[in-house]
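Examination of the molecular architecture
If you want the building blocks of each chain, they are given just below.
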Amino acid sequence: MKRRTIAFLLTIISTLWLLSCSTGHRHSPAAEFIPKAPDYADTTLWVTVDGDPEGTGADVFYIVSTWEVDWQTEDSLVSHYADVWNPVHREHMAIEINKVADYMAPGNRFYAPYYRHTTIDAWVSKNEDTVQRRLRLPMADVCAAFDRFQAQRDQTRPLIIAGFSQGGIAVVELLKHMSDETYGQLAAAYVLGYKVTETDMAACSHIRPAERASDIGVTICYNTVKDVKYIKPYIAASDICINPVNWHTDDTPATLHDSITVVVSPEHHVLVVSGYDGSEYPPYRDIINVGDIHSCEPWLYSECLQENINVRAHEWRRQHQSDIPRVILDTDVVSSTDDLFALELLNHYEKNGQCSLLGVVVNRQGESGAAVVDVMNTYSGRPDVPIGLVREGISAPQVWIDYSAMPAYADDGGQPLFRHYVSDYSTLPDGWQLYRRLLAAQPDHSVSICSVGFVTSLSQLLLSGADEYSPLNGVELVRQKVKCLYIMGGVFGESVEPDFNFAQGITFARDFFRLWPQDVDMVFSPMEVGQGIEYKPEDVIADISCTDSHPIKQVYLRCNCNTGQMMWDPMAVIEAVEGDSIFSLSERGTVSFTSKAETIFTPSASGNCRYQLPGTEAWNAAMLERIRNATRTLCR
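Residues numbered from 1 in each chain as written. Predicted model: local features only at pLDDT ≥ 70, side-chain atom pairs only at ≥ 80, totals over all residues. Heavy atoms only, no water.

Observations regarding helix H22 (residues 617–633)
What counts here: Helix numbers and strand numbers start at the N terminus; a helix is a DSSP run of H or I with at least 4 residues, a strand a run of E with at least 2. Multiply 1.5 Å by the residue count of a helix minus one, and that product is the helix's expected span. Throughout, exposure labels follow a simple rule: accessible area from a 1.4 Å probe, protein chains only, divided by the maximum for the residue type, with under 20% read as buried, over 50% as exposed, and the rest as partly exposed. Residue contacts are counted whenever heavy atoms from the two residues lie within 4.5 Å of one another.
Across its 17 residues, H22 extends 24 Å between first and last C-alpha, which sits within 8% of the 24 Å expected from 1.5 Å per residue. Within H22, burial applies to Trp 619, Asn 620, Met 623, Leu 624, Ile 627, Arg 628, Ala 630 and Thr 631. Taken together, the buried residues of H22 touch helix H11 (338–351), helix H18 (527–530), helix H19 (537–543) and helix H21 (570–578).

With respect to H21
Within H21, eight of the nine residues are buried, which leaves it mostly tucked inside the rest of the structure. Buried residues of H21: Pro 570, Met 571, Ala 572, Val 573, Ile 574, Glu 575, Ala 576 and Val 577, and no others. Positive backbone phi, approximately 100°, marks Gly 579, located one or two places after H21.

Points about the side chain of Asn 620
Keep this limit in mind: Throughout this description, a polar contact denotes any pair of N or O atoms lying within 3.5 Å of each other; where both atoms belong to protein, one of them has to be capable of donating a hydrogen while the other can accept it, and for residues adjacent in sequence the pair is counted only when both atoms sit in side chains.
If you trace the backbone, Asn 620 turns up in helix H22. Classification of Asn 620 by relative accessible area gives buried; the value is 13%. Side-chain polar atoms of Asn 620 contact the backbone oxygen of Gly 532, separated by 3.5 Å. Those residues in contact with Asn 620, other than ones at most four positions away along the chain, are Val 529, Gly 532, Ile 533 and Gly 615.

Some remarks on the nonpolar core
Across soluble globular proteins, nonpolar side chains have a tendency to be buried as a group. How we decide: Here the nonpolar core consists of buried residues drawn from Ala, Val, Leu, Ile, Met, Phe, Trp, Tyr and Cys, with membership extended through side-chain atoms lying within 4.5 Å.
In terms of nonpolar packing, the biggest core is built from 98 residues, with Phe 61, Met 104, Phe 110, Ile 161, Tyr 190 and Tyr 301 touching the most fellow members. Counting residues per element, this core draws most heavily on helix H4 (residues 128–152), at eight residues. Excluding residues that lie within four positions of it along the chain, Phe 110 makes contacts with Val 47, Thr 48, Val 49, Val 60, Tyr 62, Ile 97, Val 100, Ala 101, Met 104 and Ala 105.

Quick word on the pairing of strand S17 (residues 482–488)
What counts here: Strand pairing is assigned whenever DSSP detects at least two bridges linking the two strands.
Taken across its seven residues, S17 has six buried, putting it largely inside the fold. Sheet topology note: the strand S16 (residues 447–452)/S17 ladder contains five bridges and is parallel. Its bridge partner being in S17, Ser 448 is matched across the sheet by Cys 484. As paired strands, S17 and strand S18 (residues 521–525) are joined by five bridges and run parallel to one another.

As for the layout of surface pockets
Put simply, the rule is: Note on definitions: the grid is 1 Å and covers protein atoms alone; a cavity is a set of points where a 1.4 Å probe fits but cannot get out; a pocket is an open set with protein on both sides within 12 Å along at least five of seven lines; lining residues have an atom within 4 Å of a point. Grid points are joined across faces, edges and corners, and a volume is the space filled by probe spheres set on the points.
Within this model, the second largest pocket holds a volume of roughly 730 Å³. Along the wall of the second largest pocket there are 34 residues; nearest its centre are Arg 212, Asp 384, Val 385, Pro 386 and Arg 437. Sorting the residues of the lining of the second largest pocket by element identifies helix H10 (302–320), strand S14 (356–362) and helix H13 (431–440) as the ones contributing at least two each.

Quick look at the pattern of salt bridges
As a reminder, the rule being used: Think of a salt bridge as a Lys or Arg side-chain nitrogen and an Asp or Glu carboxyl oxygen that are within 4 Å of each other.
Tallied over the full model, the rule gives 26 salt bridges. Linking Asp 59 and Arg 157 is a salt bridge whose minimum nitrogen-to-oxygen distance equals 2.8 Å. Of this pair, Asp 59 sits in strand S2 (residues 59–63) while Arg 157 is found in the loop between H4 and strand S6 (159–164), placing the two residues 98 residues apart along the sequence. Here the two residues Asp 59 and Arg 157 agree in accessibility, since each one is buried. Across the salt bridge formed by Lys 232 and Asp 292, the nearest N and O atoms sit 3.2 Å from each other. With Lys 232 in the loop between strand S9 (224–225) and helix H8 (233–236) and Asp 292 in the loop between strand S12 (270–274) and helix H9 (297–300), this pair connects stretches of sequence that are 60 residues apart. Taken as a pair, Lys 232 and Asp 292 share a single burial class, namely buried. Each of Asp 52, Asp 59, Arg 153 and Arg 157 takes part in a single network of salt bridges with overlapping partners.

A short note on the sheet that holds strand S7 (residues 186–192)
Defined as follows: The axes used here are C-alpha line fits, helices contributing only the stretch in contact, and every angle between their N-to-C directions lies in the interval 0 to 180 degrees.
Read from one edge of the open sheet, six strands run S1-S5-S2-S6-S7-S8, paired in mixed fashion. At either margin of the open sheet sits one strand with a lone partner, and together these are strand S1 (46–50) and strand S8 (218–222). Averaged over all neighbouring strand pairs, the angle between strand axes comes to 15°, with direction disregarded. With respect to the sheet, H4 is in contact with S1, S2, strand S5 (109–113) and S6, its orientation differing from that of S2 by roughly 165°. Set on the sheet, H10 makes contact with S6, S7 and S8; between it and S7 the angle comes to about 155°.

Some details on the packing of H4 against helix H5 (residues 166–177)
The description of two packed helices rests on the angle between their axes and on the distance between the axes. As a reminder, the rule being used: In this scheme, roughly parallel covers angles under 35 degrees and roughly antiparallel covers those over 145, while 65 to 115 is roughly perpendicular and the rest are oblique. For any pair of crossing helices, the crossing counts as left-handed if the nearer helix is rotated counterclockwise from the farther one by less than a right angle, and right-handed if it is rotated clockwise. Amino acids outside the nonpolar list (Ala, Val, Leu, Ile, Met, Phe, Trp, Tyr, Cys, Pro) and the charged list (Asp, Glu, Lys, Arg) are all regarded as polar, and Gly is one of them.
Packing of H4 against H5 leaves a shortest axis separation of 10 Å and a crossing angle of 60°. With respect to H5, the element H4 is oriented oblique. In this structure, the crossing between H4 and H5 has a hand that is right-handed. Residues Leu 135, Pro 138, Met 139, Val 142, Cys 143, Phe 146 and Asp 147 of H4 form the contact with H5, whose participating residues are Gln 166, Ile 169, Ala 170, Glu 173, Leu 174 and His 177. Considering only residue class, the contact of H4 with H5 consists of nine nonpolar, two polar and two charged.

Here is the structure:
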């Protein structure tokens, strides 16, 4: 966060408020002036930013907070409302709107109307009746602006609504105002620095509290205090709260900017911060920034909000646009670095709206791989991607590059380099159980599985029986839900020899080949396809020159990764997401598995198996550039 910029912004806000207060006068209700209503067909009454030239983001509707105090006209009439036709009032509102657009607009289309917000004096009165009476006019303006916005926008795109303080009130009112059809377009609503009550939720089924980082159609609400004794009931007496740093609703602490601890008080539904005094936000009339840090809400967590808006928008697209691949990654991460790039590619594709990463199964026995996946997904902005692990798998398989310590890497001062989302890896489900849960929830014949390691969890899935997720056994569940399996492995062509991954766990591999449904497609990616694609360690480090806190960069800085590692695993991922057209493939056939872990391909027009063929040098270079581009894109 650019603290100097924000401090400067809040200094402007405070100065404007205080200067206005010094010239204000008290008037009787009879002398009240109501500014002219806005005409939202007039483009000067909007701030719009198109940060989504590729058309893959969301439409963000933002409602600004309170910027004016009571003021008077030339004929001494007092007004309790901002005047949208007054260029000075618009200039005041634009200060906040433009700063919010700096982090909400990238990757999205951003819209913010000027409206006749009620002045700060309503809250100074600390009279709920006064506040509610004066809110009727601005809420009517916001609803009118939203209706025009909704009528004009492309309604096939995900919708985000957000507002701060008085703008947060407007978000709650918009949720009550919108139709069920519009609510179906909602990725998320952000109520920053205001309350959501049980009464609000009882009155409106559209208000559903967020529970994690990627649920959609939900309301995100939080207020920040130094101690619960500083809660301001007229602003922060909320009945819901979520931590925007780790997206937990319990009291799991989160670290922000290395030195600030943020934790939810489940009893009081507020965020309690330590290591941060909020001194850049001066107290105002004893109603805000006195123990609470009301003015920080859109700024302190801006990076978290930016990331989360994109996460929820992409999740909305995943659930509403069935044409994008739904992918489960099954990986033996912690053995070689190509697994890291396979996972990074999927996170890159998902950020671009090209796929939906449903979950990650770690097929190497133990919890260390799950911790690596957790760090990678958290870094990439998808901390809550479900993870499964193997508890009864292959004992002590060979490791080529051991980076299992990566989740615990620390900087020179001993501070952890990486955030985690999972607090206890022992609570994670077995991989086969996660498969059953994820597959049962998906449309028929819609899931692509990328298996880039051992087939331990897949064989356990195929051997599984009916459970609370599905009445189908494992074979029938795969037959019903899986579209295709992309598997790194197999030795084909003239050479007949054992496959390394299958040989490491031959019992699991035997069950897998015996039980896999013959009417569900499999595409093998033999080792020789990725063998010509070398991502050199010096190029990896150069591509992540923007930061030292990238998990893959730290692995390459701390481990010897110049061991002949090639980009074998990403080939299965690339085909699963981008399709067959960029690959040369064998004819169709069947694959049988021998007692020596050999894979025997027999051509057959009705067969369910194909395998990738090695490419030319130019093709290898193009594949490498895909991987490098993902690395550069996720560098932050």
